[in-house]
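Observations on chain architecture
Read off the chains here:
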Amino acid sequence: MIKNILNLGDAAVYCDFGKDVNQEINTNVINYFKNIKDKKINGIINVTPSYNKLIVSFDLEVTSYSKVKKIIENLELEKKFENENKLVEIPVCCDENFKLDHDRLEKKLGIPFDKVLEIFFRKEYFCYMTGFIAGMPFLGDTSEKLRTKRLETPRVKVPKGSIGLTEQFCNIYTYESPGGWNIIGNTPLEIFNKERRSDPALINPGDKVKFNKITQEEYDKIKR
Amino acid sequence: MTKLKDNYFEIKRAGINTTFQDSGRKNLNHIGIPISGVMDKRNFTLANALLKNETNTPVIEFAYQGPLLEFNGDKIYFVITGDVKFEIIKNNKQKITGLPYNVYAIENKDKIDIQSTNKSVYGYLSLSENIILDEIWDSVSTNTKAKIGSNNGDKLSDNQKIKIHHKNRNIALSKLNYIDKKIEYIRVIKATNFDYFSEKAKEVFFNKDFKVTKLSDRMGMRLEGQILENIISTNIKSEGLVKGVVQVPSDGNPIIMLADHGTIGGYPKIANVISADFDKLSQMTPGTTIKFKEVNLEEAEKLFKFYNLETTNLINQIS
């Protein structure tokens, strides 16, 4: 449940679900997010879920902090929306051109790269949130054996489709972008496509993700 | 009079950062898409009010050096808002010095030369006719970093055409006497991580000068001059951002989120600029001194009402 509600500036409500990051808390955040969206409350212009926070921003010409806060406090979470969550399968190629941090990961984790992949592909991941850049999913939790920090000097350009690891999370770079996550492979799938107007992101908060290892040949075939 | 078939502007010079904008797109933060939209809302509103356009009619936003446009077609009207230096070059080569907040008519082969913004960043060009643009998610607003919006998400480039749907409106040559006042302070409300900062940093934040750096654009404004010492953690678990948030990364130099900001971020938030001051903040050029003043939520809400009232009064003063 929400532990604390604060204002963020004069046009946003900041809902704090505590310090911990886990699926239970995040599921709660997403439940609030979906219920608020579903209500189509007058004046609300964005609802932004993250690991353990929810930010509801509004048009100050239409409503105010005290009004929106009251709505959130009295919100009945009647709908569960769990049936909306889906399992998304993502093909990943970890061949020569794509495993940018092969050496770094072997060194940092102290296990051979083959083993890194074996552990990585074994698990199903949970989508905590999407964002930073359009459609980028933040997934977790990775095995404790795979946890390491971001690169000391982030890359200026991480290729589109890259799969990255950091701490207990993994993500997918939906666009070429600067970034510091440890790159193990690349997916040929278009994770975010603005032409899919009503549902541009392939992975949404609350979804499960299973990565499947593919060869370069299979990668090229999908890319075509 | 024969009616010309195609009405368009040919872009002879695109300018530094010229984009199509409106009030932006809502309810997409959760998939990583910010609101975007015009940087200076009041000047956008005035530009459309001067031409009696609908309030959210798309405009051309430019920064520093604006575009040089040659018009092809039947007579239309335009207005430029902001602190902008521009000329109208008639077909017979006669040059007219333009005044912002004044409606002008232009005819076939006339040119509008938007030379620069004076001691400010953004200016607006609005037309009496609709520009033909692609909408995505109910907005034409161009976000060049995400490549989203009209013109394939890009800024305008040389030799491109801006097509116009000609409705043959007859417009009064309205004008408004408006000189934007400079402000002494940018007013802020303390944000959720205010207590991550040392007592000294808190004092410095509200009492010392910062400087706007060149690393400022539609996404954000980076400041320098004072290092804000963080005593708890320079990283927080990534969470949502809103326009006006002042984030402080580990180097201690604040960054203010603007229209095209990333939707989530992991730097502590020291403060949040109030809505009433967004326009003035956006117009601050690199090198300008910036001072922060604390207000509470109630004051911020009152100041926003006052800001809106001022805009309404200006619209009523259009003659």
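In this text the structure is predicted, and so the values were computed from the model without any measurement.

Rules used in this analysis
- Residues numbered from 1 in each chain as written.
- Chains lettered and ligands numbered in written order.
- Predicted model: local features only at pLDDT ≥ 70, side-chain atom pairs only at ≥ 80, totals over all residues.
- Helix = DSSP H or I, 4+ residues; strand = E, 2+ residues; numbered from the N terminus.
- Rg over C-alpha atoms; globule rule 2.2 N^0.38 Å.
- Buried ≥ 20, exposed ≤ 12 C-beta atoms within 10 Å, placed from the backbone.
- Contact = placed C-beta atoms within 7 Å.
- Domains from an automatic or database assignment.
- Nonpolar A, V, L, I, M, F, W, Y, C, P; charged D, E, K, R; others polar.
- Core = buried A, V, L, I, M, F, W, Y, C linked by C-beta atoms within 7 Å.
- Expected span 1.5 Å × (residues − 1).

Of regular secondary structure, chain A possesses five helices and 13 strands. Taking 224 residues into account, the globule formula puts the C-alpha radius of gyration at 17 Å, and chain A, at 19 Å, falls close to it. Taken along the three principal axes of its C-alpha coordinates, chain A extends 55 × 35 × 35 Å. Here chain A, with 224 residues, has 43% of them falling under the buried criterion. Here the analysis covers contacts within chain A between residues at least 6 apart in sequence; of these, 62% occur between residues at least 24 apart.

Turning our eyes to something else, we now look at the domain arrangement of chain B. All names here are of chain B. Under the domain assignment used here, chain B contains domain 1 (8–165) and domain 2 (186–316). Distance between the C-alpha centres of domain 1 and domain 2: 27 Å. Domain 1 puts 19 residues into the contact, and the matching count from domain 2 is 16 residues. A total of five residues in the side of domain 1 that touches domain 2 trace back to one element, the largest contributor, which is helix H1 (residues 41–50). Looking at the side of domain 1 that touches domain 2 residue by residue, the classes come out as seven nonpolar, seven polar and five charged.

Attention shifts here to H1(B). Residue and element names in this part refer to chain B. Counting buried positions along H1 gives nine out of ten residues, so the element sits mostly inside the fold. Residues of H1 that are buried: Arg42, Asn43, Phe44, Thr45, Leu46, Ala47, Asn48, Ala49 and Leu50. Elements in contact with the buried residues of H1: strand S3 (59–63), strand S5 (76–81), strand S10 (122–127), helix H3 (278–282) and helix H4 (297–316). Looking one or two residues past H1, Lys52 carries a phi angle of roughly 55 degrees, positive in sign.

Time to look at the domain arrangement of chain A. All names here are of chain A. What the domain assignment reports for chain A is domain 1 (4–82) and domain 2 (85–223). The C-alpha centroid of domain 2 is placed 28 Å from the C-alpha centroid of domain 1. Between domain 1 and domain 2, the residue contacts involve eight residues of the former and six residues of the latter. By residue number, the principal contributor to the side of domain 1 that touches domain 2 is helix H1 (residues 23–39), which donates four residues. Taken together, the residues of the side of domain 1 that touches domain 2 sort by class into three nonpolar, four polar and one charged.

Counting 145 residues, the largest nonpolar core has A:Val56 and A:Ile184 as its most contacted members. Residue contacts for A:Val56: discarding those within four places in its chain leaves A:Ala12, A:Val13, A:Ile36, A:Ile44, A:Val47, A:Val68 and A:Ile72.

Cis geometry marks the peptide bond from A:Gly140 to A:Asp141, where omega comes out at -10 degrees. Within the secondary structure, A:Asp141 is located in the loop between strand S7 (137–140) and strand S8 (155–158). At B:Ser36, a residue that is not glycine, the phi angle is positive and equals roughly 55 degrees. Residue placement: B:Ser36 occurs in the loop between strand S2 (19–21) and H1. With 29 C-beta atoms counted inside 10 Å, the residue B:Ser36 sits in the buried group. Even without being glycine, B:Lys109 reaches a positive phi, approximately 70 degrees. With respect to the helices and strands, the residue B:Lys109 is situated in the loop between strand S8 (104–106) and strand S9 (111–117). Residue classification places B:Lys109 among the partly exposed positions, given that 13 C-beta atoms sit within 10 Å.

Moving on, we come to H1(A). Residues and elements named next belong to chain A. Taking 1.5 Å per residue, 17 residues should reach 24 Å; H1 reaches 24 Å between its end C-alpha atoms and fits that length. Among the residues of H1, Asn26, Val29, Ile30, Tyr32, Phe33, Lys34 and Ile36 are the ones counted as buried. Buried residues along H1 sit against strand S2 (12–16), strand S3 (44–49), strand S4 (53–58) and strand S6 (124–130).

All right, on to the interface of chain A and chain B then. On the chain B side, the residues contacting the 37 residues of chain A number 30 residues. Per-element tally for the side of chain A that touches chain B: the top contributor is S3(A), with five residues. Grouping the amino acids of the side of chain A that touches chain B by side-chain chemistry returns 22 nonpolar, eleven polar and four charged.

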